[in-house]
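The chain contents come next:
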Amino acid sequence: MNGYAGDKKNIQKRMHRIEGQVKAIGRMVDDDRYCIDILTQIAAVESALKSVSMLLLDDHLDHCVREAVEQGGQVADAKLQEVSEAVSRLVK
């Protein structure tokens, strides 16, 4: 079971909303809309994606990492390294 199983419907709903926002941005470009309006919408999508990322990260820490830490040893070390790398990618 994935760590986000309890939030799956919420994540799916958010991702569908983000997908719609991205399609709308494409239509804005097609319609030659004002640059700042497009940039504003891009910022909104980035913010929404960051929010979903944080939800997934919290779920991962609470489920997957917690289980690995309880097992200890190399399993815990590998999971902690994995989550550290994921956080690094998110903050770039």
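This text goes with the structure placed above it.
In what follows, the accompanying structure is described. (Residues numbered from 1 in each chain as written. Predicted model: local features only at pLDDT ≥ 70, side-chain atom pairs only at ≥ 80, totals over all residues. Heavy atoms only, no water.)

A closer look at the overall build of the chain
1) Next: Broken down by element type, the chain carries three helices and zero strands.
2) Next: Helices and strands appear in the chain in the N-to-C order α-α-α.
3) Next: Scaling as 2.2 N^0.38, a compact globule of 92 residues should have a C-alpha radius of gyration of about 12 Å, whereas the chain reaches 17 Å, well beyond that.
4) Next: Overall, the C-alpha framework of the chain stretches about 55 × 25 × 15 Å when taken along its three principal axes.
5) Next: Relative to its 92 residues, the chain shows a buried fraction of 16%.
6) Next: Pairs at least 24 apart in sequence give 55% of the contacts found in the chain among residues at least 6 apart.
7) Next: Distance from the positive charge centre (13 side chains) to the negative charge centre (15 side chains) of the chain: 4 Å. (Helix = DSSP H or I, 4+ residues; strand = E, 2+ residues; numbered from the N terminus. Rg over C-alpha atoms; globule rule 2.2 N^0.38 Å. Buried < 20%, exposed > 50% of the residue type's maximum accessible area, 1.4 Å probe, protein only. Contact = heavy atoms within 4.5 Å. Lys, Arg positive; Asp, Glu negative; His and termini not counted. Charge placed at Lys NZ, Arg CZ, Asp CG, Glu CD.)

Some remarks on the side chain of Asp-59
1) Next: Locating Asp-59 in the fold gives a position in helix H2 (residues 35-71).
2) Next: Despite its burial, Asp-59 pairs with no opposite charge; the closest candidate is Arg-14, at 9.3 Å N-O. (Salt bridge = Lys/Arg side-chain N within 4 Å of Asp/Glu carboxyl O.)

Topic: the pattern of salt bridges
1) Next: Tallied over the full model, the rule gives three salt bridges.
2) Next: Across the pair Lys-79 and Glu-82 runs a salt bridge, and its minimum N-O distance is 3.4 Å. Taken together, the positions of Lys-79 and Glu-82, both in helix H3 (residues 73-91) and three residues apart, correspond to about one turn of that helix.
3) Next: Overall, the relative accessible area of 39% leaves Glu-82 in the partly exposed class.

Some thoughts on unusual backbone geometry
1) Next: Its identity as a non-glycine residue notwithstanding, Asp-32 has a phi of 55 degrees, on the positive side.
2) Next: By secondary structure assignment, the location of Asp-32 is in the loop between helix H1 (8-30) and H2.
3) Next: Accessibility expressed as a relative area gives 70% for Asp-32, which makes it exposed.

A short note on H2
An α-helix turns once every 3.6 residues. As a result, residues three or four positions apart point the same way.
1) Next: With 37 residues, H2 should cover 54 Å at 1.5 Å per step; its first-to-last C-alpha distance of 52 Å lies within 8% of that length.
2) Next: Where H2 bends most, the angle comes to about 35 degrees, and this point is Leu-61.
3) Next: Regarding H2, the residues found buried are Ile-38, Val-45, Val-52, Leu-55, Leu-57, Asp-59, Val-65 and Ala-68.
4) Next: After H2 finishes, the residue Gly-72 shows a positive phi value of roughly 75 degrees. (Expected span 1.5 Å × (residues − 1). Bend = angle between axes of the 7 residues up to and from the residue.)

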